[in-house]
Amino acid sequence: MLGPLEGSCKVTTLEISDILDAVRNGAQATSQDVVKLLSAEGREMEELFAEAREVRDRQFGKHVFAYGFVYFSTYCHNNCTFCYYRRTNSIDRYRKSPEEIISLAADLKDAGIDLVDLTMGEDEHMYADDYSELLEIISGVKKLGISIMASPGAVKKEAMPKIKAAGVDFYAVYQETHNRDLYSKLRLEQDFDFRYNQRVWAREAGMLTEDGMMVGLGESMEDRADAILTMGAEKCEQIRCMTFVPQAGTPLQTLEPMDSYMELKSIAVMRILFPDRFIPATLDVEGIEGMKSRLDAGASTITSIVVPHRHLAGVAQPEKDIESGGRSVQHVFDLVADMGKRIATQNEFRSMIDKLEERIRPKP
Ligand code: SAM
Ligand code: MD0
Ligand code: SF4
């Protein structure tokens, strides 16, 4: 995007359509502009979504991308206040064997999914012995010939080149908020900079990265605008927003949940400001029912597709629509076709990833 002085005009007025016009003409949106866009209601909100769809379609055409989700260990040594899997929550947990994980990934690949997202809590078992089991799992899945995202939490800098070498394309680690004070209340005893640097180190090692924000946790409008602009400036190839879903047994279990409009508007604003990024339409907040509204807000990528009947969980919605097959590959593909779109083939997606990886390849 052009800098403020390079654009054809600097955004100064506060009308939503004026801001959209200015951005379309190359101006850089300010934090105030983003707050204004996020405040859109009624007709103006529809205008925001329509603009986001147009930008998305210009960027990706009829293609939508589909990521399978394999939450392979729900053990975690952290105690995030918003998370069901926090250390002190007494819940049933599981850890899948490398063989089972590889077989799940193979099912996803055969079903035509573009990428497998290997996610875990910060499981001591996986962190032991310099992440040896995690690396074994990643290389086993890579041998299937499928693109991989890893979401293993915050690891030592030294691990990044090994994770890349094992076959990871995308490293996902979400700051949740870029307000340090709020962060310290959410990710208890987790250093802000250490988490931020995960994406810097992953990129240095040659991996694409994803950052994400959550809404509904007491953040201000300015915090949301700041998160969006910071995620854009970080140059992460994928950026996301998820609405907080209260979890039983956690300190925030009684926090009044928000509806999904702020997430939808955040998706639209991210799309309009940063047209070329992958932006998820997660099934992990409102299940399969929430897929269309997210795509209609400008998302490009359906995430949290889960294989049924394999005792797998989601993160924000541990069970929703999983065993019924509502979050299964076939069901998602059918719904996408009903929208006049098509899931990119693995080859189509791979050639996009290859180009992006080429851009960040470490210099010898
Ligand atoms: N444990 C790793 C980590 O925290 O980075 C990877 C998985 S973590 C479970 C993935 C993300 O799910 C979190 O960063 C957060 O954005 C989201 N999440 C967790 N609990 C949530 C909740 N209750 N509502 C909405 N999103 C949630
Ligand atoms: C999702 N449940 O995409 C997944 C998760 C981790 N990389 C992603 C939050 O909704
Ligand atoms: Fe653990 Fe991730 Fe949940 Fe935090 S968000 S408690 S790190 S699984």
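Residues numbered from 1 in each chain as written. Chains lettered and ligands numbered in written order. Predicted model: local features only at pLDDT ≥ 70, side-chain atom pairs only at ≥ 80, totals over all residues. Heavy atoms only, no water.

Explain the overall build of the protein chain here, please?
In terms of helices and strands, the protein chain carries 13 helices and 9 strands. Computed over the C-alpha atoms, the radius of gyration of the protein chain is 19 Å, within 12% of the 21 Å expected from 2.2 N^0.38 for a compact globule of 364 residues. For the C-alpha atoms alone, the extent of the protein chain along its principal axes is close to 55 × 50 × 45 Å. Residue pairs at least 24 apart in sequence account for 72% of intrachain contacts in the protein chain once pairs closer than 6 positions are excluded. One way to put it: in the protein chain the 44 positive side-chain charges average out to a point 3 Å from where the 59 negative ones average out. (Helix = DSSP H or I, 4+ residues; strand = E, 2+ residues; numbered from the N terminus. Rg over C-alpha atoms; globule rule 2.2 N^0.38 Å. Contact = heavy atoms within 4.5 Å. Lys, Arg positive; Asp, Glu negative; His and termini not counted. Charge placed at Lys NZ, Arg CZ, Asp CG, Glu CD.)

What is the right way to read the pairing of strand 5 (residues 208-215) from this model?
When a strand is regular, its side chains alternate between the sheet's two faces. Taken across its 8 residues, strand 5 has 8 buried, putting it largely inside the fold. Neither face of strand 5 is exposed, since Leu208, Glu210, Gly212 and Met214 on one face and Thr209, Asp211, Met213 and Val215 on the opposite face are all buried. As paired elements, strand 5 and strand 6 (residues 238-243) share 6 bridges and run parallel to each other. Each residue of the ladder has a partner; that of Asp211, found in strand 6, is Ile239. (Buried < 20%, exposed > 50% of the residue type's maximum accessible area, 1.4 Å probe, protein only. Pairing = 2+ DSSP bridges.)

In this structure, what is going on with the packing of helix 2 (residues 31-38) against helix 10 (residues 261-273)? I would like to understand it.
Packed helices, taken two at a time, are described by the angle between their axes plus the distance between the axes. Interhelical geometry of helix 2 versus helix 10 gives an angle of 135 degrees and a closest axis separation of 9 Å. Overall, the two elements helix 2 and helix 10 adopt an arrangement that is oblique. The element helix 2 and its partner helix 10 pack so that their crossing is right-handed. Between helix 2 and helix 10, the contacting residues are Val34, Leu37 and Leu38 on the first element and Met262, Lys265, Ser266, Val269 and Leu273 on the second. Looking at the contact of helix 2 with helix 10 residue by residue, the classes come out as 6 nonpolar, 1 polar and 1 charged. (Axes fitted to C-alpha atoms, helices over the stretch in contact; angles between N-to-C directions. Parallel < 35°, antiparallel > 145°, perpendicular 65-115°, else oblique. Left-handed = near helix turned anticlockwise from the far one by under 90°. Nonpolar A, V, L, I, M, F, W, Y, C, P; charged D, E, K, R; others polar.)

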